[in-house]
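Remarks on the overall topology
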Amino acid sequence: MMRMTETVKQLVIINVIFFIASNTIATAANDLLALYYPLNDNFHWWQPITHMFMHAKLPNLMHIFFNMFGLIMFGSALEHFWGWKKFLFFYISCGLGAALLHTGMNYYEINSLLQQVSELNISASDMHILMNIDHTNQFDVNNKIIDGSLNNILEKVNANQEQYNIIVRAAIKYQTAAVGASGALYGVIVAFAFMFPNAELMLLFLPIPIKAKYFVPVLVLGDLFMGLKGESIFGGGGIAHFAHVGGALTGFLMMWFWKKNQFNEKRWD
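Residues numbered from 1 in each chain as written. Predicted model: local features only at pLDDT ≥ 70, side-chain atom pairs only at ≥ 80, totals over all residues. Heavy atoms only, no water.

Another aspect to go through is the overall build of the protein chain. Regarding its fold elements, the protein chain presents 11 helices and 2 strands. The C-alpha extent of the protein chain, read off along each of the three principal axes, is 65 × 40 × 40 Å. Of the roughly 15,100 Å² of accessible surface on the protein chain, 64% is carried by carbon and sulfur atoms. In the protein chain, the 16 positive side-chain charges and the 17 negative ones have mean positions that sit 16 Å from each other. (Helix = DSSP H or I, 4+ residues; strand = E, 2+ residues; numbered from the N terminus. Areas by Shrake-Rupley, 256 points an atom, 1.4 Å probe, with all protein chains shown as cover. Lys, Arg positive; Asp, Glu negative; His and termini not counted. Charge placed at Lys NZ, Arg CZ, Asp CG, Glu CD.)

The following block contains the structure:
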């Protein structure tokens, strides 16, 4: 593995500092810096940038470990050949592309769900409450909805259980924040495959060498498939597959544009 380059080292340090701080002395950072849906009450304009320096909370260490391992492994090779300015521009751009596609797909999925309950004619103010309220704290010990905003709205529009379930599914997507460098990393991996197509890569659980030009497309298509299917490739949920695809797509388009236009390296000196 190539020696860690200086900008990659700084990115790793920043990610580790954010991870330690957000799990110890600055737990509020999780709400401030993670990427929320733009209409969510917790959304802030800086989150498309800051979310890529945040990672899953403890005890989950694998999220930050694999992202930083990948950044060191693939990012150092790119920075070595490109220089720090071009690499950092590329890395941040892929992170933003990941945030854009992730948010766009959330918008599509949320609105598709809410379209299914459009006959309820829920007002904009009531819908804002339904999307931002914590639905897990709205029931008593007998699993009955307690009196309050949620109960009042559902009674007013005469929503049935099936319709309420759809609203909850939309609210979960509306309220779930995205964190991690994975989107930016996917762009870096795509660029690595562009520059070193015959380099042999291996998965930890499948120790068979596969050339980058085959490995990376399969990896990205797997994320696209699981994103469309709405599941995790490893079971369970919590993986922003479209963020991965967005980072990979941004990386591909930038590499294609630079290659097509014979990108002038001197612009980054």
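Anyway, onward from the coordinates.
Within this structure, the stated rule accounts for 13 aromatic pairs. Measuring from centroid to centroid gives 6.0 Å for F18 and F53, while their planes differ by 55°, and the two rings are tilted. Here F18, found in helix α1 (residues 6-22), pairs with F53, found in the loop between α3 (47-50) and α4 (62-82); they are 35 residues apart in sequence, far enough to count as distant. On the numbers, 5.1 Å between centres and 70° between planes, the contact of W82 with F90 is edge-to-face. Owing to a relative accessible area of 0%, F90 belongs among the buried residues under this scheme. Here the aromatic cluster, defined as three or more aromatic residues joined through ring pairs, consists of F74, F81, F192 and F196. (Phe/Tyr/Trp six-rings, centres within 6.5 Å; stacked < 30°, edge-to-face > 60°. Buried < 20%, exposed > 50% of the residue type's maximum accessible area, 1.4 Å probe, protein only.)

The next subject is the nonpolar core. Core analysis: the biggest nonpolar cluster contains 37 residues, and L71, W82, F87, F90, Y91, V188 and V216 have the highest contact counts within it. At the level of secondary structure, the elements contributing two or more residues to this core comprise α1, α4, α5 (84-115), α9 (182-195), α10 (212-229) and α11 (241-260). At 9 residues, α9 tops the list of elements feeding residues into this core. Not counting the four nearest positions on each side in its chain, Y91 is found in contact with L11, M52, L71, A181, A184 and V188. With 22 residues, the next largest nonpolar core counts L113, L120, I166 and I167 among its residues. (Core = buried A, V, L, I, M, F, W, Y, C linked by side-chain atoms within 4.5 Å. Contact = heavy atoms within 4.5 Å.)

Attention now moves to the side chain of N67. Checked against the element boundaries, N67 lands in helix α4. A residue is classified by how much of its surface remains accessible, and N67, at 6% relative accessible area, is buried. Within the local environment of N67, its side chain forms a polar contact with the side chain of H55, the two groups lying 3.1 Å apart. Among all residues touching N67, those that are not within four sequence positions of it are H55, G180, A181, S182 and L185. (Polar contact = N/O pair within 3.5 Å; in protein donor to acceptor, adjacent residues only side chain to side chain.)

The next thing to look at is empty space enclosed by the protein. Considering all chains together, one arrives at 1 cavity of 30 Å³ or more under this definition. Counted as a void, the largest cavity has a volume near 40 Å³. In terms of lining, the largest cavity is formed by L35, Y36, Y37, P38, H102, T103, N106, K173 and T176. If you tally residues by element for the lining of the largest cavity, the top one is α5, at 3 residues. Tallied by class, the residues present in the lining of the largest cavity amount to 4 nonpolar, 4 polar and 1 charged. (1 Å grid on protein atoms, 1.4 Å probe; cavity = no way out; pocket = protein on both sides within 12 Å on 5 of 7 lines; lining within 4 Å. Points joined across faces, edges and corners; volume = space filled by probe spheres on them. Nonpolar A, V, L, I, M, F, W, Y, C, P; charged D, E, K, R; others polar.)

As enumerated under the stated definition, the model contains 3 salt bridges in all. Put simply, E109 and K173 hold a salt bridge, and the shortest N to O gap is 2.9 Å. Highlighted residues: E109 in helix α5 and K173 in helix α8 (residues 161-175), separated in sequence by 64 residues. A salt bridge links D126 to K156, with the nearest nitrogen and oxygen atoms 2.7 Å apart. Taken together, the residues span a long stretch of sequence, with D126 in helix α6 (residues 124-132) and K156 in helix α7 (residues 149-157) at a distance of 30 residues. The exposed category is assigned to K156, whose relative accessible area is 58%. (Salt bridge = Lys/Arg side-chain N within 4 Å of Asp/Glu carboxyl O.)

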